[in-house]
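# Structural overview for review
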Amino acid sequence: AERGKALESFIAKYCRNDENLKVEHCNYRTESEELDLVLSNQARNEFFKQLQSSRVIVECKCRKEKTSAADVRDFCSKVRNRPRVLHKVGVMVSTAGFTEDAQTEILRSNSRENDPLIGLVTADQMARAIMDGIPFCQVVEQSLSSSALR
């Protein structure tokens, strides 16, 4: 749990200089669940305007084992449980990556008309983005585009 909180904190700090995504909540508790990060979509570029989602929900998985299809389904449910007008997009960040089944689950979920659009981000992708000075919004855009186009 502590490593997960550290990853959440790191991503929240990473978003501070991002003009498209602003941290609205960290560890946001609802009556039934916790959302690791809720980002406000500032819609400052065409991609984020077209998302038509005022918020992006981020789930952080800091584990030794890869994130599973069950984890992906749970996260999709969290995003789906939010008011659809505000929350149509989610991103999972996993330090160990994702199982093949998890990647297949995202393809399945992203192809359903009324399901939220979910992107997957690995630690390697985050590290490359940070080293290249790429803002988190571009990491999100790339993950959503690749998850939807596979």
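Placed above this text is the structure.
First, a word on what this report is: a plain description of the structure on this page. Computed from a prediction, not measured in an experiment: that's the story for all the values here.

Within strand β4 (residues 87-94), seven of the eight residues are buried, leaving the element largely enclosed by the surrounding structure. Taken together, the seven bridges between strand β3 (residues 55-61) and β4 define a ladder with parallel strand orientation. Counterpart to Lys61 in the pairing with β4 is Ser94. Pairing analysis gives six bridges linking β4 to strand β5 (residues 117-122), with the strands arranged parallel. Along β5, the bridge assignment pairs Val93 with Val121. After leaving β4, the chain enters helix α4 (residues 100-111) and then returns to the sheet as β5, a path that is right-handed.

In a soluble, globular protein the nonpolar side chains are often hidden away together inside. Grouped together as the largest cluster of nonpolar side chains are 25 residues, with contacts concentrated most on Ile11, Leu21, Val58, Val93, Met126 and Phe136. Where this core is concerned, the elements lending two or more residues are α1 (2-14), β2 (34-41), α2 (46-50), β3, β4, α5 (123-131) and α6 (136-149). A total of five residues in this core trace back to one element, the largest contributor, which is α6. Among all residues touching Phe136, those that are not within four sequence positions of it are Ile11, Tyr14, Cys15, Asp18, Leu21, Leu39, Val58, Val93 and Met126. By size, the runner-up hydrophobic cluster in this structure holds 13 residues, among which are Ile57, Val79, Phe98 and Ile118.

Before going further, it helps to examine the sheet that holds β5. Pairing between the strands of a sheet comes from backbone hydrogen bonds, and it takes one of two forms, parallel or antiparallel. Taken together, the five strands give an open sheet; going across it, the order is β1-β2-β3-β4-β5, and neighbouring strands pair in mixed fashion. On the outer flanks of this sheet lie β1 (21-29) and β5, each paired with one strand and no other. When strand polarity is set aside, the average angle formed by the axes of neighbouring strands in this sheet is 25 degrees.

Next up on the list: unusual backbone geometry. Of note in this structure, Ala43 is not a glycine but carries a positive phi near 50 degrees. Judged by relative accessible area, which is 27%, Ala43 ranks as partly exposed. At Gln52, a residue that is not glycine, the phi angle is positive and equals roughly 50 degrees. Turning to its location among the elements, Gln52 is positioned in the loop between α2 and β3. For Gln52, a relative accessible area of 58% puts it in the exposed group.

Before going further, it helps to spend a moment on the side chain of Asn41. Note that Asn41 resides in strand β2. Judged by its relative accessible area of 10%, Asn41 is buried. In terms of polar contacts, Asn41 uses its side chain to reach the backbone carbonyl oxygen of Phe48, at 2.9 Å. Every residue in contact with Asn41, bar those within four places of it in the chain, is listed here: Asn20, Leu21, Phe48, Leu51, Ser53, Ser54 and Arg55.

What follows covers helix α3 (residues 69-81). With 13 residues, α3 should cover 18 Å at 1.5 Å per step; its first-to-last C-alpha distance of 18 Å lies within 8% of that length. Those residues of α3 that sit buried are Ala69, Asp71, Val72, Phe75, Cys76, Lys78 and Val79. The inward-facing, buried residues of α3 abut β2, β3, β4, α4 and β5.

Counted according to the given criterion, the structure contains three aromatic pairs. Ring geometry for Phe10 versus Tyr14: centroids 6.3 Å apart, planes at 15 degrees, classification stacked. One end of the pair, Phe10, and the other, Tyr14, are both in helix α1, four residues apart, so they sit about a helical turn from each other. Taken together, a centroid distance of 5.8 Å and an interplanar angle of 65 degrees make the contact between Tyr14 and Phe136 edge-to-face. Of the two residues, Tyr14 sits in helix α1 while Phe136 sits in helix α6, which places them 122 residues apart along the sequence. Tyr14 gets classed as buried once you look at its relative accessible area, which sits at 16%.

Procedures and definitions
- Residues numbered from 1 in each chain as written.
- Predicted model: local features only at pLDDT ≥ 70, side-chain atom pairs only at ≥ 80, totals over all residues.
- Heavy atoms only, no water.
- Buried < 20%, exposed > 50% of the residue type's maximum accessible area, 1.4 Å probe, protein only.
- Helix = DSSP H or I, 4+ residues; strand = E, 2+ residues; numbered from the N terminus.
- Pairing = 2+ DSSP bridges.
- Right-handed = clockwise from strand over helix to strand, strands pointing away.
- Core = buried A, V, L, I, M, F, W, Y, C linked by side-chain atoms within 4.5 Å.
- Contact = heavy atoms within 4.5 Å.
- Axes fitted to C-alpha atoms, helices over the stretch in contact; angles between N-to-C directions.
- Polar contact = N/O pair within 3.5 Å; in protein donor to acceptor, adjacent residues only side chain to side chain.
- Expected span 1.5 Å × (residues − 1).
- Phe/Tyr/Trp six-rings, centres within 6.5 Å; stacked < 30°, edge-to-face > 60°.

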